[in-house]
Amino acid sequence: MATDLYAPTDVTTKYPGPPFPAAKQTGPGTVAEMEPRPDHGEESYRGSGRLAGRRALITGADSGIGRAVAIAFAREGADVVLNYLPDEEQDAQEVAELVRAAGRTAECRPGDIAGEETCRRLVADTVAALGGLDLLVMVAGQMPTVDSLEDFDTEVWHRLVDTNLSSLFWLSKAALPHLEPGASIIATSSEQGFQPSPSLLEYAVTKAGIANWVRGAAQQLAERGIRVNGVAPGPFWTPLQPVSDPPEKLEQFGGQTPYGRPGQPVEIASTYVYLASQDASFTSGEVVAVTGGVPVH
Ligand code: NAD
Ligand code: MG
């Protein structure tokens, strides 16, 4: 779907709301199976040179929020390395084409960030491919739903923690020797980190941890001139939802927000651009909530 992103409009009807088709996806999910098709800014996002010449590593860049961030960063003048899971090659190639169409470099680096060695290699590959690293943007995440503590699964938990939380330490530790003053690290929390739903207990804990990590790491890295911030999305129309949610929940997705609809990925991309850019030079340790009116903190 495409809309005039910049025209003043009623935000509650700018994009579709429920009911949505009761779809289900397996695996990491794909943009191609999303109906209605999400808006990642393909037709609409206009850059203005705010990230000219920056070099960015973006995890989860194939689909959803990460895809919108990659498109926006490229149109703002950044070169990007796209990370995603190996099964998501097709989605990633579409993003790479959009980045190149903006006149910027796109390098694809599939890899599972739930392991330290992959994280180390990803950073090293980025530095080799782009000649350095200025923006570490961590969007990748998983969201298993578990209705009861009695169904807690230790294996699922370890994979979740390594993907959502440990990777922040692994990626930023590997990145630090390359980050110069002026660099920016951005992590992706969630409204769940502040207002946990009962069926998302494990996920919510990791997202609370991410927000906490942002606040602590920002203080540690301030003296090096490096900023650390987070984004806490509310409900967004991405493959994460048909992968994780039961179809009857997807049907009503976003309906509980004051806007009465979910956000589209393009509606959060500029928050990442802002935090990455020097517009936010006095902003560090902040977690910006983008929720369609839901107060989270
Ligand atoms: P998405 O499925 O499009 O993106 C998530 C991406 O994470 C996948 O594309 C995949 O490439 C990546 N990923 C997952 N596990 C990985 C692993 N082990 N190694 C490498 N990559 C891995 O969905 P999205 O909604 O755009 O999710 C992006 C982020 O936003 C996630 O961190 C999610 O928790 C967060 N978030 C989403 C919502 C929402 O409603 N969509 C709300 C709050 C927070
Ligand atoms: Mg994906």
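See the structure shown above.
Residues numbered from 1 in each chain as written. Chains lettered and ligands numbered in written order. Predicted model: local features only at pLDDT ≥ 70, side-chain atom pairs only at ≥ 80, totals over all residues. Heavy atoms only, no water.

**Student:** Go over the coordination of the magnesium ion (ligand 2) with me, naming the residues and quoting the values.
**Tutor:** Those protein atoms acting as donors to the magnesium ion (ligand 2) are Asp62 (OD), Ser63 (OG) and Glu88 (OE), and they sit at 2.1 to 2.2 Å. Spacing between the donor residues of the magnesium ion (ligand 2) along the chain follows D-S-x24-E. Taken together, the residues aspartate 62 in the loop between β1 (55-59) and α1 (64-75) and glutamate 88 in the loop between β2 (79-84) and α2 (89-101) connect sequence positions 26 residues apart. A single burial state applies to aspartate 62 and to glutamate 88, both of which are buried. (Donors = N, O, S within 2.8 Å, 3.2 Å for Na, K, Ca; no water. Helix = DSSP H or I, 4+ residues; strand = E, 2+ residues; numbered from the N terminus. Buried < 20%, exposed > 50% of the residue type's maximum accessible area, 1.4 Å probe, protein only.)

**Student:** Run through the pattern of salt bridges, naming residues and quoting values.
**Tutor:** Tallied over the full model, the rule gives 13 salt bridges. Here aspartate 279 ties to arginine 50 by a salt bridge, and the two come within 2.5 Å at their closest N and O atoms. Remark: arginine 50 occurs in the segment before β1 and aspartate 279 occurs in the loop between α8 (266-276) and β7 (287-290); sequence separation between them is 229 residues. Judged by its relative accessible area of 49%, aspartate 279 is partly exposed. Classification of arginine 50 by relative accessible area gives partly exposed; the value is 26%. The salt bridge involving arginine 261 is made with glutamate 267; its shortest N-O contact spans 2.9 Å. Residue class for arginine 261 comes out buried when judged on its relative accessible area of 3%. Shared partners join several salt bridges into a network, and the residues in it are Arg37, Arg67, Asp91 and Glu94. (Salt bridge = Lys/Arg side-chain N within 4 Å of Asp/Glu carboxyl O.)

**Student:** So what's going on with helix α3 (residues 116-130)? Residues and values would help.
**Tutor:** Helix length check: α3, at 15 residues, gives a terminal C-alpha distance of 21 Å against a target of 21 Å (1.5 Å per residue), a fit within 8%. Buried within α3 we find Thr118, Cys119, Leu122, Val123, Thr126, Val127 and Leu130. Of the residues one or two after α3, glycine 131 is the one with positive phi, at around 80°. (Expected span 1.5 Å × (residues − 1).)

**Student:** Describe the nonpolar core, listing the residues and the values that go with them.
**Tutor:** Counting residues in each nonpolar core, the largest one holds 38 residues, and the members touching the most others are Ile58, Phe73, Leu82, Val137 and Tyr272. Those elements giving two or more residues to this core turn out to be β1, α1, β2, α2, β3 (106-110), β4 (135-138) and α8. The contacts of tyrosine 272, once residues within four sequence positions are left out, are Ile65, Val69, Phe73, Val137, Val139, Ile186, Thr188 and Val231. Core analysis: the second largest hydrophobic core is formed by 34 residues, Ile113, Leu130, Ala174 and Ala218 among them. (Core = buried A, V, L, I, M, F, W, Y, C linked by side-chain atoms within 4.5 Å. Contact = heavy atoms within 4.5 Å.)

**Student:** Tell me about the sheet that holds strand β6 (residues 227-233), and name the residues and values.
**Tutor:** With parallel pairing, seven strands are arranged side by side in an open sheet as β3-β2-β1-β4-β5-β6-β7. The sheet is open, and its two edges are formed by β3 and β7, each paired on a single side. With strand direction ignored, the average angle separating the axes of adjacent strands in the sheet is 15°. As judged from the four bridges shared by β6 and β7, these two strands associate in the parallel manner. Counterpart to proline 233 in the pairing with β7 is valine 290. (Pairing = 2+ DSSP bridges. Axes fitted to C-alpha atoms, helices over the stretch in contact; angles between N-to-C directions.)

**Student:** Explain the site of ligand 1 to me, using residue names and the numbers behind them.
**Tutor:** As a matter of local geometry, ligand 1 sits amid 32 residues, with Ser63, Glu88, Tyr203, Thr238 and Gln241 nearest to it. Here glycine 64 contributes a backbone N or O atom positioned 3.4 Å from an oxygen atom of ligand 1. For ligand 1, an oxygen atom lies 2.7 Å from a polar atom in the side chain of glutamine 241. Coverage of ligand 1 by the protein chains reaches 97% of its 800 Å² of free accessible surface. Those elements giving two or more residues to the shell around ligand 1 turn out to be α1, β2, α4 (154-175), α5 (201-221) and α6 (240-244). (Near = heavy atom within 4 Å. Polar contact = N/O pair within 3.5 Å; in protein donor to acceptor, adjacent residues only side chain to side chain. Areas by Shrake-Rupley, 256 points an atom, 1.4 Å probe, with all protein chains shown as cover.)

**Student:** Could you give an account of unusual backbone geometry, naming the residues involved and the relevant values?
**Tutor:** For the peptide bond that leads from proline 18 to proline 19, omega is 5°, which places it in the cis range. The amide bond that connects glutamate 35 to the next residue, proline 36, takes the cis arrangement and shows omega of 0°. Counting through the fold element by element, proline 36 comes out in the segment before β1.

**Student:** So what's going on with α2? Which residues, and what values?
**Tutor:** For α2, spanning 13 residues, the distance from its first C-alpha to its last is 18 Å, which sits close to the expected 18 Å at 1.5 Å a residue. Glycine 103 lies just past α2 and shows a positive phi near 85°.

**Student:** Let's hear about the packing of α1 against α2: which residues, and what values?
**Tutor:** Across the interface, α1 lies against α2 with an axial gap of 9 Å and an inter-helix angle of 15°. With respect to each other, α1 and α2 are oriented roughly parallel. α2 is crossed by α1, and the crossing has right-handed handedness. Within the contact between the two elements, α1 uses Arg67, Ala70, Ile71, Ala74 and Arg75 and α2 uses Asp91, Glu94, Val95, Leu98 and Val99. For the contact of α1 with α2, a count of residues per class yields six nonpolar, no polar and four charged. (Parallel < 35°, antiparallel > 145°, perpendicular 65-115°, else oblique. Left-handed = near helix turned anticlockwise from the far one by under 90°. Nonpolar A, V, L, I, M, F, W, Y, C, P; charged D, E, K, R; others polar.)

**Student:** Please give an account of the packing of α1 against α8 that cites residues and values.
**Tutor:** Packing of α1 against α8 brings their axes to within 8 Å, and their N-to-C directions diverge by 55°. It follows that α1 is oblique to α8 by the angle criterion. Taken as a pair, α1 and α8 cross one another with a handedness that is right-handed. For the pair α1 and α8, contact is made by Ile65, Ala68, Val69, Ala72 and Phe73 and by Val266, Ile268, Ala269, Tyr272, Val273 and Ala276, respectively.

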